[in-house]
Amino acid sequence: MSHPAKASEFLEDSAKSKWHDETLWFVRDKRDTISKSIPEWEQLRELASQIKDNVLSNLDSYLVEFEKKAKANNIHIHWAKDAEEHNQIVLSILQQHRCKAIVKSKSILTEECHLNPFLEENGVEVVDTDLGERIVQFLNQPPSHIVLPAIHLKKRDISEIFHEKLQTEKGNEDPTYLTHAARVHLREKFLGAKVAITGVNFGVAETGEFVVCTNEGNADMGVHLADVHIACMGIEKIIPRRKDLGVFLRLLARSATGQPITNYNSHFRSPAQGKQIHIVLLDNGRTTQLGREKFKNSLKCIRCGACMNTCPIYRRSGGYSYGSVVPGPIGSILSPGLDLKKHSSLPFASTLCGSCTDVCPVKINIHEQLYEWRQEITKDQGTNAKSISMKIANGIFAVPFAYKVSGAIMRGALKILPDSITYSGLNTWGKQRDLPETPKETFKEWYKKNRS
Amino acid sequence: MSSRDSILAKIKAIPTEKKPLPEIPDFELNINLKEAFIQSIKGNKGEVIDQAQLNEFLEINRFTKIIDLSKSFQDLGTLDLPQDAHDLADVEVAIIKGQFGVAENGAIWLTDENMGLRALPFITEHLVIVLDEKSLVDNMHAAYYKIGNQPSGFGLFLAGPSKTADIEQSLVIGAHGAKSLQVVLTNL
Amino acid sequence: MNFNKNIGLFIPCYVDQFYPKVAIATMELLEKLGCKVTYPMAQTCCGQPMANAGYERGTVGTTKHFLETFRDFDYVVAPSGSCVLHIKEHVPAVPGMEKEQKAIQDKTFELTEFLTDVLKVENIKGSFPHKVGFHSSCHGHRGLRLGSCSERNEPFFSKGKQLLEQLEGLEWVELTRKDECCGFGGTFAVTEEALSVQMGKDRLEDHLVHGVEVLTGGDMSCIMHLEGIARRNKHPLQFKHIAEILNEAIS
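Residues numbered from 1 in each chain as written. Chains lettered and ligands numbered in written order. Predicted model: local features only at pLDDT ≥ 70, side-chain atom pairs only at ≥ 80, totals over all residues. Heavy atoms only, no water.

### Digging into the UniProt feature "domain: Cysteine-rich" (unreviewed entry) in chain C
Residue and element names in this part refer to chain C.
So, point 1. Per the UniProt record, "domain: Cysteine-rich" (unreviewed entry) is found at residues 8-88 and 132-226.
So, point 2. In the segment residues 8-88, helix accounts for 57% and strand for 12%; the C-alpha atoms at its two ends are 16 Å apart.
So, point 3. Secondary structure over residues 132-226 splits into 42% helix and 11% strand, and the C-alpha atoms at its two ends are 15 Å apart. (UniProt positions renumbered as here; feature names shortened; annotations may be inferred. Helix = DSSP H or I, 4+ residues; strand = E, 2+ residues; numbered from the N terminus.)

Here it is in structure tokens:
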């Protein structure tokens, strides 16, 4: 199903979609407020963008430096060219440690690699430990937002699934009660897991350390109790210097949820005595994206989710309407790079309002890249009349203003057409909107009479 | 070719214009560090208390499983640090020393030497951090300047108790880790 | 006041066809402010709908025609942020006309910014005693930066407000979501009809709960969309382009 179809489905439950819009708007509003409490906010965004520019133009040397430093700190480094290799590496580490159950904290990268189903097929129980992720895992759903994975659910939904899976009281929808039930359930999983998997927010080339940020503390609960920590990291997560963290940690949580910092910001540099740390460095299309001059800036993304919270489309259509691992504006510029055909409707799921670009803490020109993807998609699809771009091109002529110069004929038609046609389903514009009244004369005609 | 070499080769083959790495200004803040820090901790749902309040907290709740690594007051601990982190599972209170605090966001820097076992500040039911008021810095730039090249296997900016808002954005404290954070600001 | 420059009036094709009153108001307003305004009859659509739909490469001819039509003017002014943004930032390069293209991009202005930044209009004598809600169209607002954007940490400014506040009796209404998109978005209005209409309804609601009588803005395309929804739902709002308000008030 394309984005428009899924979006209109989401809008059918108007109370829920209104709640979704208002809740995410509230998060965006908190971000706006806190960002304005930092006088140097715009300068920080510029610095973050410049640091990432530097990274993207020296990525190979930073990766080599990162590897060297990490190895010197007794960290094992693995390289994976694609999702399949990534998953095999993770599995082989688990097999070496005879591990049949793991705990995992939030990692969009492992979603991208579809690691959970792969491990489950190979007999490994995977427990997502971020509360939101555990909820969607119980429901067999992917996250609908990269920072707020269960934002599409109401507490009633969560109460029902917890009653089924965790035997909580039927009908008890109190968030504190439900959260504490999850705490007890997950505490047992943390204590029992030999291997813990996390994502990575930042990898520091200078020191070989990597940083993981959470509010729940679930990443740390997992890794400090396990014998082995596997950190799955996209190659673009590198930053050059430790002090660059000062810039990024000031921006990340403020952009994501409007809080000054996440409550836990863990810097892993070497394993504790008797334990192991593995880092899997993943390409999976990133080097290809780096080679696309117009789109490489998308690799600056620090996964804060601010573009989702601000996007008037995302807020009203939900994460699933995008049908891609990373939804929202940033997803709409990353996903076409992975599979242009599958994701061809996403760059059109935007009014190009530009709000995403203005909230982005690393100044990715998201809406301009959406525009550029549109140009690519129409080239790729040629003149196939069924293609989305052709529908959109045809759509131009369905919008009353855009029928170019032969408008007089069109104006005539508007007058003659019976209301039933103008306002039927055939005319998409007129379905829920009146058409403008047709004036007696065009401006051109007026000008000829009055000014020349 | 290994995946490592092919990834690196692929990157090398992309023609790029080298972009310089910017210097980072210190963005000094003219604020009262202590007041700002206390506000930040409150905002993160922690509390700033004094030593008397700490004693009161321990007494009222009649905690019996306390680990005190802070070496700041008389030893308030009832338990020694175990060998295995799993044995921390029912610790009620951990008292540790923080290295310094950051006024703009309430983050407190901790490393292996403060935590004993890395799991401690997470797994304990309640966390108490003892922090010298004079250690406060204004923002994260000053914080990383202070950390410099400090070589610790594990470093942590901890800014509050474990929290989540994953159920309808309702804030709940005590998701997995500590259900409370209390910071004892000292001026010794 | 006499502004001794030749101004080429650039009227979006849909305004020519559907909203001649907006084009007339723009023309009269500029004339009242002492400008010499010419409407080059040869002008056509600027090519934005095609470009935004992914066919920018198909608009070289349109763009070349635009350059040829407007190149001899000192300024090009349009009552639309969206079309001006397209001319300034999105038109494809016309081979052999790079210099002219750069020159025309520098001298093309959206109406309100032309009034505030070039003519430096300061003491408009006129009144408009109504509660006015201003719709900040995205292409003008975030594209041309006609006002401070809610996402950015920058001092407040609004070229629209700067002009409207000069009118006696006009009450500027603060909205809850000051600069959210109305959901028009060109072809988006039909390809994502459900979302487009919902976004429009939400914008209208914001104006209605704050007691707006007249909804105005700098782009008729957004206003056409909002008005279309309001009419269908029998909302009591009036809709006017900012040029109409200023022109009415001054006369």
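### Description of the UniProt feature "domain: LUD" (unreviewed entry) in chain B
So, point 1. The sites that UniProt annotates as "domain: LUD" (unreviewed entry) are residues 86-185 of chain B.
So, point 2. A helix fraction of 16% and a strand fraction of 33% characterise residues 86-185 of chain B, whose end C-alpha atoms lie 30 Å from each other.

### What to know about the pattern of salt bridges
So, point 1. Tallied over the entire structure, the rule returns 62 salt bridges over all chains.
So, point 2. Of the charged contacts in the structure, one is a salt bridge between Arg316(A) and Asp202(C), with a shortest N-O distance of 2.6 Å. Residue Arg316(A) is located in helix α15 (residues 312-317), and its partner Asp202(C) is located in helix α11 (residues 193-209); the two belong to separate chains.
So, point 3. Each member of the salt-bridge network shares a partner with another, and the members are Asp21(A), Arg315(A), Arg316(A), Arg177(C), Glu180(C) and Asp202(C). (Salt bridge = Lys/Arg side-chain N within 4 Å of Asp/Glu carboxyl O.)

### Overview of helix α2 (residues 33-43) of chain B
Residue and element names in this part refer to chain B.
So, point 1. Here α2 has its buried residues at Ala36, Phe37, Ser40 and Ile41. The arc that holds the buried residues of α2, viewed along the axis, is 135°, so those residues lie on one side.
So, point 2. Against β1 (47-49), β4 (100-101), β5 (108-111), β6 (126-132) and β10 (180-186) lie the buried residues of α2.
So, point 3. Of the residues that open α2, the one with a side-chain oxygen 3.0 Å from the backbone nitrogen of Lys34 is Asn32. (Buried < 20%, exposed > 50% of the residue type's maximum accessible area, 1.4 Å probe, protein only. Arc of directions from axis to C-beta. Contact = heavy atoms within 4.5 Å. Polar contact = N/O pair within 3.5 Å; in protein donor to acceptor, adjacent residues only side chain to side chain.)

### Quick word on the nonpolar core
So, point 1. Membership of the largest hydrophobic core comes to 76 residues, with the highest contact counts inside it found for Phe202(A), Ile330(A) and Phe157(B).
So, point 2. Here this core gets seven residues from one element, more than from any other, and that element is helix α12 (residues 244-257) of chain A.
So, point 3. Core analysis: the next-biggest nonpolar cluster, separate from the first, contains 69 residues, Phe210(A), Val223(A), Met115(B) and Ala178(B) among them. (Core = buried A, V, L, I, M, F, W, Y, C linked by side-chain atoms within 4.5 Å.)

### Details of the sheet that holds strand β5 (residues 131-135) of chain C
Residue and element names in this part refer to chain C.
So, point 1. Ordered in space as β6-β5-β7-β8, the four strands form an open sheet in which the pairing is parallel. Both outer strands of the open sheet, β6 (171-172) and β8 (238-241), are each paired with one neighbouring strand and no more.
So, point 2. Relative to β6, β5 runs parallel, the two being bridged by two bridges. Bridge pairing links Val132 to Trp172 in β6.
So, point 3. The sheet strands contacting helix α12 (residues 220-232) are β5, β7 (214-217) and β8, and the helix crosses β8 at an angle near 170°.
So, point 4. Packed onto the sheet, helix α13 (residues 242-250) meets β5, β7 and β8 and runs at close to 85° relative to β8. (Pairing = 2+ DSSP bridges. Axes fitted to C-alpha atoms, helices over the stretch in contact; angles between N-to-C directions.)

### Some remarks on the side chain of Lys300(A)
Residue and element names in this part refer to chain A.
So, point 1. Note on placement: Lys300 falls in the loop between α13 (286-290) and α14 (306-310).
So, point 2. Judged by relative accessible area, Lys300 falls into the buried class, the value being 2%.
So, point 3. Here Lys300 is in contact with Ser49, Lys52, Asp53, Leu56, Val362 and Ile364, once residues within four sequence places are set aside.

### Some thoughts on unusual backbone geometry
So, point 1. The phi dihedral of Leu352(A) falls on the positive side, at around 60°, and the residue is not glycine.
So, point 2. With respect to the helices and strands, the residue Leu352(A) is situated in the loop between α16 (328-338) and α17 (355-359).
So, point 3. We classify Leu352(A) as buried; its relative accessible area is 6%.
So, point 4. Here the phi dihedral of Gln169(B) falls at roughly 60°; this positive angle occurs in a residue that is not glycine.
So, point 5. Along the polypeptide, Gln169(B) turns up in the loop between β8 (163-164) and β9 (172-173).

### Here we look at the sheet that holds strand β9 (residues 264-268) of chain A
So, point 1. Pairing within the open sheet is mixed, and its seven strands lie in the order β8(A)-β5(A)-β6(A)-β9(A)-β7(B)-β5(B)-β4(B). Each edge of the sheet is formed by a strand with only one pairing partner; in this case those strands are β8 (238-239) of chain A together with β4 of chain B.
So, point 2. Lying on the sheet, α12(A) is in contact with β5 (202-204), β6 (210-214), β8 and β9 of chain A; it crosses β5(A) at an angle near 170°.

### A short note on the interface of chain C and chain A
By convention, interface size is frequently given as the accessible area that disappears when the constituent parts associate.
So, point 1. Counting from both sides, the interface comprises 69 residues of chain C and, opposite them, 77 residues of chain A.
So, point 2. Contact between chain C and chain A buries roughly 6,400 Å² in total, counting both sides, with carbon and sulfur atoms accounting for 60%.
So, point 3. Put simply, chain C and chain A have nine salt bridges between them.
So, point 4. Close ionic contact of Arg28(A) with Glu151(C) constitutes a salt bridge, the shortest N to O distance being 3.5 Å.
So, point 5. Summed over the shared surface of chain C and chain A, the number is 37 residue pairs in polar contact (both at pLDDT 80 or more).
So, point 6. Contributing elements (two or more residues each) for the side of chain C that touches chain A: α1 (13-18), α2 (20-32), β2 (35-38), α3 (48-55), α8 (138-143), α10 (188-191), α11 and α12 of chain C.
So, point 7. When residues of the side of chain C that touches chain A are assigned to their parent elements, the largest contribution, nine residues, is made by α11(C).
So, point 8. A class-by-class count of the residues in the side of chain C that touches chain A yields 32 nonpolar, 19 polar and 18 charged. (Buried area = accessible area lost by both parts, 1.4 Å probe. Nonpolar A, V, L, I, M, F, W, Y, C, P; charged D, E, K, R; others polar.)

### Examining the arrangement of the chains
So, point 1. Sorting the two pairs of chains in contact by contact count puts chains A and B at the top.
So, point 2. When C-alpha atoms are compared, chain B and chain C, though not in contact, are closest at a spacing of 16 Å.

### Quick word on the interface of chain B and chain A
So, point 1. Taken together, the contacts link 66 residues of chain B with 88 residues of chain A.
So, point 2. Both faces combined, the contact of chain B with chain A buries some 6,700 Å², and carbon together with sulfur accounts for 59% of it.
So, point 3. Its salt-bridge partner being Arg241(A), residue Glu23(B) comes within 3.4 Å of it at the nearest N-O pair.
So, point 4. Where chain B touches chain A, the interface holds 42 residue pairs in polar contact (both at pLDDT 80 or more).
So, point 5. Of all the secondary-structure elements, those providing two or more residues to the side of chain B that touches chain A are α1 (3-12), α5 (120-123), α6 (140-147), β7 (154-158), β8 and β9 of chain B.
So, point 6. The element best represented in the side of chain B that touches chain A is α1(B), accounting for seven residues.
So, point 7. Inspection of the sheet shows β9(A) paired to β7(B) by five bridges, in the antiparallel sense. Its bridge partner lying in β7(B), Ser266(A) is registered against Leu156(B).

### Thoughts on the domain arrangement of chain C
Residues and elements named next belong to chain C.
So, point 1. Parsing chain C into structural domains produces domain 1 (3-118) and domain 2 (131-250).
So, point 2. When each unit is reduced to the centre of its C-alpha atoms, the spacing between domain 1 and domain 2 is 22 Å.
So, point 3. Across the boundary between the two partners, domain 1 contributes 28 residues, which contact 22 residues of domain 2.
So, point 4. Summing the contributions of domain 1 and of domain 2, the shared interface buries around 2,200 Å²; its carbon and sulfur component is 67%.
So, point 5. The largest per-residue losses of area from domain 1 upon contact with domain 2 belong to Tyr19, Thr112 and Thr116, which jointly make up 22% of the total buried on that side.
So, point 6. Viewed at the interface, domain 2 and domain 1 are joined by two salt bridges. (Domains from an automatic or database assignment.)

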